[in-house]
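Observations on chain architecture
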Amino acid sequence: MSDRRRVLSGIQPTGAGKHLGNYLGAVRHWAAMQDEFECFYFMADLHSLTITPDPAELRQQCRKLVAELLAMGVDPAKSTLFAQSHVPEHPELAWVLSCLTGFGEASRMTQFKEKGGGNVGLFNYPVLQAADILLYQAHAVPVGEDQRQHLELTRDLGQRFNSRYGDTFTVPDPYVQKSAERIKDLQDPTAKMSTSKGGPGVLWVIEDDKQTLKKIKSAVTDTGREVVYDVDGKPGISNLLTILSVASGSSVEALVKEFDGKGYGDFKAAVAEAVLGMFAPVRARFAELIADPGYLDQVLREGAAKAGPIARETMTTVRDRIGLLAPA
Ligand code: TRP
């Protein structure tokens, strides 16, 4: 067993793919954490069932997600990368935890309320997420601000179980990445870049360079012609400055100085160059990976072989603590 702190996070496969906001806000950090922490990253395919996707599409999206994660730097030699559905202890623990969750407590989850009802899976979504985390005794869970409430529920359920049945779960610390929210839609720079919205304001990590170029060139800019950072007055330019800053590694202040006296055209050309440069190795690697489904399956098989025993060990303790008979 490793003495490094354990980090765990999940990402859903559904949707057209991962976008710039997912990359800069989440997956890039996942990759960066791999040396310092013992990392478990998984594809939340069971969570995706809450939108009842088309089976053929789901299968394709799952392969695509694994290839994207690997292309974006998740390294199976360093981290455990697996599919949630390959470890049946996830829904098993979710059932146990759902019996410790108040109906009102689950009803108060804002993501559920925002969806305005739906199926029981959607209602139970945060409980499954709590099971994902608690099964692995994770210390920290890197997620975006929108997941904060789900993390709080996870902590509450972990503590509730521990105080009722004895110490069983590590109660994870929130590790909320503020930057996850910072990337805005290029056409609607007051709204965050989002998978479900899609359209010309969303830069997919995997798309043609030409499409990326076109989207950046036609990004909404603001009145005036100075490149300055002013989120309220100039949301479009500020968003592009943020993107250029993270893609190039220069600070926003340095960029504002650099583009002083230059027009929006020069500025957008620089943004496009930086983004294409950042994505070039990811796109090249993705093309190789997606052409090799056997390898993608192998990564998931090896990931489940590492994750499974940990999940089973936790679940054996849980079963015993709650009073279920061990199978003879
Ligand atoms: N709900 C998370 C999201 O949409 C995905 C997720 C599922 C997750 N299970 C998790 C994230 C466990 C962290 C830990 O972003």
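Refer to the structure above for everything that follows.
All of the points below concern the structure found in this document. Note that this is a predicted model, so its numbers are computed, not measured.

Turning next to the nonpolar core. Among the nonpolar cores identified, the biggest contains 60 residues, and Leu20, Tyr41, Leu69, Leu81, Leu186, Phe267 and Val271 are the most heavily contacted of them. With 11 residues, the top contributor of residues to this core is helix H12 (residues 264-290). When near neighbours in sequence (up to four residues on either side) are disregarded, leucine 20 contacts Ile183, Met193, Leu203, Val205, Ile243, Met278 and Phe279. In this structure, Met109, Ala131, Val141 and Val318 belong to the second largest nonpolar core, which totals 37 residues.

Turning next to the pairing of strand S4 (residues 140-144). Counted residue by residue, S4 has five buried out of five residues, so it is predominantly covered. The alternating pattern of S4 places Ala140, Pro142 and Gly144 on one face and Val141 and Val143 on the opposite face, and all of these are buried. For the segment spanning S4, helix H8 (residues 148-165) and strand S5 (residues 173-177), crossover handedness is right-handed.

Turning to the packing of helix H9 (residues 209-217) against H12, a few remarks are in order. The interhelical angle for the contact between H9 and H12, taken along N-to-C directions, is 155 degrees, at an axis separation of 10 Å. In terms of orientation, H9 and H12 fall into the roughly antiparallel class. Crossing of H9 over H12 shows right-handed handedness. Here H9 contributes Asp209, Thr212, Leu213, Ile216 and Lys217 to the contact with H12, which in turn contributes Lys268, Val271, Ala272, Val275, Leu276 and Arg283.

This paragraph deals with the pattern of salt bridges. Here the idea is simple: oppositely charged side chains can pair when their charged atoms come close. Under the defined criterion, the tally for this structure stands at 14 salt bridges. The salt bridge partner of glutamate 38 is arginine 6, with a shortest N-O separation of 3.0 Å. One end of the pair, glutamate 38, is in strand S2 (residues 38-43); the other, arginine 6, is in strand S1 (residues 6-11), with 32 residues separating them in the sequence. Overall, arginine 6 belongs to the buried group, its relative accessible area being 6%. Taking the shortest distance from any N to any O, the salt bridge between glutamate 92 and arginine 319 comes out at 2.9 Å. Of this pair, glutamate 92 sits in helix H4 (residues 89-98) while arginine 319 sits in helix H13 (residues 293-322), placing them 227 residues apart in sequence. Residue glutamate 92 is classed as partly exposed on the basis of its relative accessible area, which comes to 26%.

The rules behind each value
Residues numbered from 1 in each chain as written. Predicted model: local features only at pLDDT ≥ 70, side-chain atom pairs only at ≥ 80, totals over all residues. Heavy atoms only, no water. Core = buried A, V, L, I, M, F, W, Y, C linked by side-chain atoms within 4.5 Å. Buried < 20%, exposed > 50% of the residue type's maximum accessible area, 1.4 Å probe, protein only. Helix = DSSP H or I, 4+ residues; strand = E, 2+ residues; numbered from the N terminus. Contact = heavy atoms within 4.5 Å. Right-handed = clockwise from strand over helix to strand, strands pointing away. Axes fitted to C-alpha atoms, helices over the stretch in contact; angles between N-to-C directions. Parallel < 35°, antiparallel > 145°, perpendicular 65-115°, else oblique. Left-handed = near helix turned anticlockwise from the far one by under 90°. Salt bridge = Lys/Arg side-chain N within 4 Å of Asp/Glu carboxyl O.

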